[in-house]
Amino acid sequence: MRGIVSLPAFILFCSFVGFTGFAVESGITRAEAVFMTGSVWALPAMVLLVTSALGSAALPAAFLTVTLSSIRLMPMVAALIPEIRTRKTRTIALLAVSHFIAVTSWVFTMERIAKVPPEHRVKFFAGFGMTLTSCNMMIVGFGYNLVGALPPLAAGTLFFLTPIYFITSIWASARDMSVYIAMIVGVVLAPVFHQVAPEFDILYTGIVGGTIAFGIERLIRVRQANASARTDEPGRVEP
C-alpha cells in the first residue's frame, strides 16, 4: 500500500483527473464515472467506452471495442501470474487480483516483485492494485465538481501524462528485444493509421505493427543463430 506514494501512482492520479474532466464534458454522471473506474479500471478502455457512448454506438459494438482494447492486458497477466504464484496459491485469489492488472500496477510490480518473498507476492500486488484503484475512484468522485474549473488545455495535459508514462515505463522494464521492436514499429505506424482509419487506428496498429515486429524479431534471431552455427563449425575460424 505504501507504493501509492510513488511517481507511477502520482502520474496515474493526474491522468484520472484528466479523465474526470473528459467524463464531465461527455455528460457521464459522477456515479457512472466512479463505477467505470472500479469495474473497467484500465484507462484506455474507459475512454473507448465513453467515446462509444458519445457516438451512439450499439451495445455490442461498444462491448467489442472495449474487449479488443483490454486484450492487450492478457500478455501482462501471463507474465505476472507466474511471478506471484506458488504451489499453495489458490486459483480464486489469482482470478481476483487479475482484475487489478493494468499498465501502472503491472510495471510497478514487475520492477519490485523479485525482492518480495514468494509467499507474499500475491498480497503485495493485491495491496498495491486495490489501493491504486480505490484512490482513483475517490479522485473521480471528489473531483467531479472541481475539474470544471480546469482549463481544457490543463485537463488534456494531465490526461496525456498516462500514455507518456506507459511508453517510457514499458521501454525501461522490457526484458526482450521483441518489446523494443514492437514499440518502435507502433510509434511509427500509429500516426499513419490515425490518418487512414481513425476509428480503428489502435486495432490496426496493434495487428499490423505486432505482426511486423514479430517478423523482424524472428529474422534477427534466425540470423544470429546462423552466425553462431558458422562460428561453431569445426575447422572454421571467423576473422
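Parameters and conventions
Residues numbered from 1 in each chain as written. Predicted model: local features only at pLDDT ≥ 70, side-chain atom pairs only at ≥ 80, totals over all residues. Heavy atoms only, no water. Phe/Tyr/Trp six-rings, centres within 6.5 Å; stacked < 30°, edge-to-face > 60°. Helix = DSSP H or I, 4+ residues; strand = E, 2+ residues; numbered from the N terminus. Buried < 20%, exposed > 50% of the residue type's maximum accessible area, 1.4 Å probe, protein only. Lys NZ or Arg CZ within 6 Å of the ring centre and 35° of its normal. Axes fitted to C-alpha atoms, helices over the stretch in contact; angles between N-to-C directions. Parallel < 35°, antiparallel > 145°, perpendicular 65-115°, else oblique. Left-handed = near helix turned anticlockwise from the far one by under 90°. Contact = heavy atoms within 4.5 Å. pLDDT = per-residue confidence, 0-100. Salt bridge = Lys/Arg side-chain N within 4 Å of Asp/Glu carboxyl O. Arc of directions from axis to C-beta. Domains from an automatic or database assignment.

Draft legend 1. Molecular detail of the packing of aromatic side chains. Tallied over the entire structure, the rule returns five aromatic pairs. For the pair phenylalanine 108 and phenylalanine 128, a centre-to-centre distance of 3.9 Å together with 10 degrees between the ring planes defines the contact as stacked. With phenylalanine 108 in helix α7 (residues 103-112) and phenylalanine 128 in helix α8 (residues 121-143), this pair connects stretches of sequence that are 20 residues apart. Take phenylalanine 108 and phenylalanine 128: they sit in the same class, and that class is buried. Through a chain of ring-to-ring contacts, three or more aromatic side chains come together here, namely Phe16, Phe19 and Trp41. Over the ring of phenylalanine 108 we find arginine 112, and its NZ or CZ is 3.8 Å from the ring centre.

Draft legend 2. Seen up close, the packing of helix α3 (residues 43-54) against helix α4 (residues 59-70). Contact geometry for α3 and α4: axes closest at 9 Å, N-to-C directions at 165 degrees. Of the possible angle classes, the one that applies to α3 and α4 is roughly antiparallel. Crossing geometry of α3 relative to α4 is assigned as right-handed. Seen from α3, the contacting residues are Pro44, Ala45, Leu48, Leu49 and Ser52; seen from α4, they are Ala62, Thr65, Val66, Ser69 and Ser70.

Draft legend 3. Highlighting the confidence of the model for the protein. Taken as a whole, the protein shows an average pLDDT of 82; of its residues, 92% reach a score of 70 or greater. Mean pLDDT across the elements of the protein bottoms out in helix α9 (residues 152-173) (72) and peaks in α8 (92).

Draft legend 4. View of the pattern of salt bridges. Summed over all chains, the structure comprises two salt bridges. The residue glutamate 217 makes a salt bridge to arginine 221 at a minimum N-O spacing of 2.0 Å. Highlighted residues: glutamate 217 and arginine 221, both in helix α11 (residues 201-231), separated by four residues, approximately one helical turn. On the basis of relative accessible area, glutamate 217 is assigned to the buried category, the value being 7%.

Draft legend 5. Region of the structure containing helix α5 (residues 74-84). Of all the positions in α5, only Met76, Leu80, Ile81 and Ile84 are classed as buried. The buried residues of α5 occupy one face: seen down the axis, they fall within an arc of 120 degrees. Residues of α5 that are exposed and angled more than 90 degrees away from the buried face: Met74, Pro75 and Ala78. At its buried positions, α5 is contacted by α6 (91-98), α7 and α8.

Draft legend 6. Expanded view of the domain arrangement of the protein. Per the domain assignment, the segments of the protein are domain 1 (7-161) and domain 2 (174-230). Distance between the C-alpha centres of domain 1 and domain 2: 26 Å.

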